[in-house]
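Summary of structural features
Residues per chain, in single letters:
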2 protein chains.
Amino acid sequence: MDTNSVSPLPPMEEAMDRISEKSPPGTPNGIEMPPPPDEKRYEEDPDNAWNCCSWCEYLLIVILSTILLVGVLVLTLFWVMFYRDGFAWSESPKQQFNLHPILMIAGFVTLSGFSILIYRLCRCVKHIYVKLIHMFFHAVAIPCIALGFLSVFDSHEALQKVNFYSLHSWLGLVTMGMFVLQFVIGFFSFLVMLCCENKTYSCRSAMVPIHASLGLANFWLAIATSVTGLIEKERETVNETNVSQENKLIEHYITSAIGITLIFIGIIVTFAVRRSNAPASAKVYVTERI
Amino acid sequence: MDTNSVSPLPPMEEAMDRISEKSPPGTPNGIEMPPPPDEKRYEEDPDNAWNCCSWCEYLLIVILSTILLVGVLVLTLFWVMFYRDGFAWSESPKQQFNLHPILMIAGFVTLSGFSILIYRLCRCVKHIYVKLIHMFFHAVAIPCIALGFLSVFDSHEALQKVNFYSLHSWLGLVTMGMFVLQFVIGFFSFLVMLCCENKTYSCRSAMVPIHASLGLANFWLAIATSVTGLIEKERETVNETNVSQENKLIEHYITSAIGITLIFIGIIVTFAVRRSNAPASAKVYVTERI
């Protein structure tokens, strides 16, 4: 089968399938009896070799997603610094609020986006390292999200605004709840459970599609929440009297550009995740896939 | 391998993999030489038998997604009928505008959502019928979307509002563009190309993950666009003087409930698509999977 054009590396389930196919005869169920951890299994599959087209697509996804993920953060910083009076922690509630979009986009979009893409795109190194990098990026996102949440909470308190009233705040709460759930599930299922690798094999394999699908849903949820926040902020700006009409128009274009960039990030991440593009150095360490 | 807990039915790529594994010896590349169309291949795989847990999960997804997909449309109708003065075509621009949220949610969310779920969940009938139902639901969505677009366009013209200014309208344009692209690609790749089944096999198989990933991205894009539209409308309502404060609050809760329902629809569809739950009547007609 010419998997090159479809999926250069076999997806998780297929890899597991192959393990079960290679399990010794008489073993009724491959997943209950995983290969012993000391046995090294490499897939030297000629189908894994990439053609030129696959490489071009892979590079295009890597370059484009990097530009978009960094670009959206730079664009938000530019907007806040030049059109929203910059940021500070406790001096001014308005400036404290400005930390909210930067930190949330950094945590929920840029860091989480890189984390997801690295997990799916970087398979030339040992899989356990990829998992640790995936967890590291999400772990770095946690303080960003926590500070981003505190900044808006404190700022609302200082300005005596009602918290958790708008749709944006409700969506934000669902996003944060799902993020924490995903982090805890991921940490225990794919790292802590590795301590007892053989016995937890079927449980871990069952968790893979759940973690992957909820992770992608959470990423889109973060994008939808960010876009609603941008619109809420823009609608507030329209009523501000101390901002010139010209500046309002420029700000409108900047926030719209941030929104459109976020949407393209969502599309490219969904595309990259589903296509499971991976640098198929022909040797894939199958036993460490889960 | 106990696939029950992971994926009751093998995903598309695995099914194709099995075809290539079953291709006659000496065939260098299974995908270039698909099995002859008259040869019936059934997978009588004992792994496909479902356990009680898989059935419960399948039923839960089907029931929950049906409730949410119909519920969001009912909620939008309720909002428009009781709080936005109902709808009409040309008598009043305001009432004409009210058709926009109903038709767009009907086309982009309810019909598209059912279409995606039916494709992934309903595999007990012949695959070509599932494809036709999938196309039919999307085809019915087209007039809804076209009328929804016209209603807002006409209403803006009548009210002398600027078109394509807000982030919502830009996102809407991207969503509509991607929808048309997906429909055309899907129609030609998976239906027209079937006329010459054998020769187009590799092309069709290459299109599967692209169509699936862009379809999911487009669904989330539609959700994000809908949510931004709800927030824009709600912010406009806040400034209306002829609506009582109590009604504004109730309307706020209704639009927020629509937004939250949309988000849960996104999560459940992403989950259902990735988990590839299917009623695994043990006989799966593999050759018709693409």
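Cut-offs applied
- Residues numbered from 1 in each chain as written.
- Chains lettered and ligands numbered in written order.
- Predicted model: local features only at pLDDT ≥ 70, side-chain atom pairs only at ≥ 80, totals over all residues.
- Heavy atoms only, no water.
- Helix = DSSP H or I, 4+ residues; strand = E, 2+ residues; numbered from the N terminus.
- Buried < 20%, exposed > 50% of the residue type's maximum accessible area, 1.4 Å probe, protein only.
- Areas by Shrake-Rupley, 256 points an atom, 1.4 Å probe, with all protein chains shown as cover.
- Contact = heavy atoms within 4.5 Å.
- Expected span 1.5 Å × (residues − 1).
- Bend = angle between axes of the 7 residues up to and from the residue.
- Core = buried A, V, L, I, M, F, W, Y, C linked by side-chain atoms within 4.5 Å.
- Salt bridge = Lys/Arg side-chain N within 4 Å of Asp/Glu carboxyl O.
- UniProt positions renumbered as here; feature names shortened; annotations may be inferred.
- Disulfide = S-S within 2.5 Å.
- Axes fitted to C-alpha atoms, helices over the stretch in contact; angles between N-to-C directions.
- Parallel < 35°, antiparallel > 145°, perpendicular 65-115°, else oblique.
- Left-handed = near helix turned anticlockwise from the far one by under 90°.
- Nonpolar A, V, L, I, M, F, W, Y, C, P; charged D, E, K, R; others polar.

For the rest of this paragraph, the subject is the overall build of chain A. Counting its secondary structure elements, chain A contains eight helices and zero strands. Sequence-ordered secondary structure for chain A, helices as α and strands as β, is α-α-α-α-α-α-α-α. Residues classed as buried in chain A amount to 58% of the 290 residues present. When the accessible surface of chain A is summed, it comes to about 12400 Å², and 69% of that surface belongs to carbon and sulfur atoms.

Our next topic: the side chain of Ser213 of chain A. Residue position: Ser213 of chain A is located in helix 7 (residues 201-238). Overall, the relative accessible area of 0% leaves Ser213 of chain A in the buried class. Contacts of Ser213 of chain A, omitting those with residues within four sequence positions, involve Thr270, Phe271 and Arg274 of chain B.

Okay, helix 4 (residues 99-121) of chain A next. When the terminal C-alpha atoms of helix 4 of chain A are compared, their 31 Å separation across 23 residues agrees well with the 33 Å that a helix rising 1.5 Å per residue should span. At Ala106 of chain A, helix 4 of chain A shows its strongest bend, of approximately 35 degrees.

Moving on, we get to the nonpolar core. One finds Val109 and Val269 of chain A together with Val109 and Val269 of chain B to be the most contacted residues of the largest nonpolar core, which totals 105 residues. Here Val109 of chain B is in contact with Leu69, Val72, Met104, Phe114, Phe219, Ser226, Leu262 and Ile265 of chain B, once residues within four sequence places are set aside.

Our focus in this paragraph is the pattern of salt bridges. All told, the structure shown has twelve salt bridges over all chains when counted by the stated rule. Residues Lys233 of chain A and Glu236 of chain A are paired through a salt bridge, measuring 3.2 Å at the closest nitrogen-oxygen approach. Highlighted residues: Lys233 of chain A and Glu236 of chain A, both in helix 7, separated by three residues, approximately one helical turn. On the accessibility criterion, Lys233 of chain A (13% relative accessible area) is buried. A relative accessible area of 29% means that Glu236 of chain A is categorised as partly exposed. Across the pair Glu240 of chain B and Arg84 of chain B runs a salt bridge whose closest N-O atoms are separated by 3.5 Å. In this pair, Glu240 of chain B is assigned in the loop between helix 7 (201-238) and helix 8 (245-275) and Arg84 of chain B in the loop between helix 2 (52-83) and helix 3 (93-97), connecting sequence segments 156 residues apart. Here Arg84 of chain B falls in the buried class, since its relative accessible area comes to 2%. Salt bridges here are not isolated pairs; linked through shared partners, they connect Arg84, Glu240 and Glu251 of chain A.

On to the UniProt feature "transmembrane region" (unreviewed entry) in chain A, then. Residues and elements named next belong to chain A. When the UniProt feature table is mapped onto this chain, "transmembrane region" (unreviewed entry) is found at residues 58-82, 102-121, 128-150, 170-196, 208-231 and 253-273. In this annotation, residues 102-121 is assigned 100% helix and 0% strand; the end-to-end C-alpha distance for the span is 26 Å. Secondary structure over residues 170-196 splits into 78% helix and 0% strand, and the C-alpha atoms at its two ends are 39 Å apart.

Bringing the state of the cysteines into the picture now. This structure, assessed with the given rule, holds zero disulfides over all chains. Cys52 of chain A forms no disulfide, and the closest cysteine sulfur to it belongs to Cys56 of chain A, at a distance of 4.2 Å.

The subject of this paragraph is unusual backbone geometry. In this model, Asp85 of chain A sits at a positive phi of 65 degrees, which is unusual for a non-glycine residue. For Asp85 of chain A, the location among the structural elements is in the loop between helix 2 (52-83) and helix 3 (93-97).

Residue and element names in this part refer to chain A. Where helix 6 (residues 167-190) contacts helix 7, the axes come no closer than 9 Å and their chain directions differ by 155 degrees. With respect to helix 7, the axis of helix 6 lies roughly antiparallel. Helix-helix and strand crossings are classified by hand; for helix 6 and helix 7 the assignment is left-handed. A class-by-class count of the residues in the contact of helix 6 with helix 7 yields 13 nonpolar, twelve polar and two charged.

Structurally, Leu221 of chain B is set in helix 7. In this structure, the C-alpha to C-alpha distance between Leu221 of chain B and Gly172 of chain B, residues 49 residues apart in sequence, is 8.4 Å. Residues in contact with Leu221 of chain B, not counting those within four places in the same chain, are Trp220, Ile263 and Ile267 of chain A together with Val174, Thr175 and Met178 of chain B.

Turning next to the packing of helix 5 (residues 127-158) of chain A against helix 6 of chain A. Residue and element names in this part refer to chain A. Close contact between helix 5 and helix 6 brings their axes to 11 Å; oriented N to C, the two are set at 150 degrees. Judged by the angle between their axes, helix 5 and helix 6 are roughly antiparallel. Considering the relative orientation of helix 5 and helix 6, their crossing is left-handed. For the pair helix 5 and helix 6, the contacting residues are Lys131, Met135, His138, Ala139, Ala141, Ile142, Ile145 and Phe149 in the first and Met176, Phe179, Phe183, Phe187 and Phe190 in the second.

What sets the pattern is the α-helix's 3.6 residues per turn: residues three or four places apart point alike. With 38 residues, helix 7 of chain A extends 55 Å between its outermost C-alpha atoms, agreeing within 8% with the 56 Å of an ideal straight helix rising 1.5 Å per residue. Remark: the principal bend of helix 7 of chain A, roughly 30 degrees, maps to Met207 of chain A, with a proline, Pro209 of chain A, within the next four residues.

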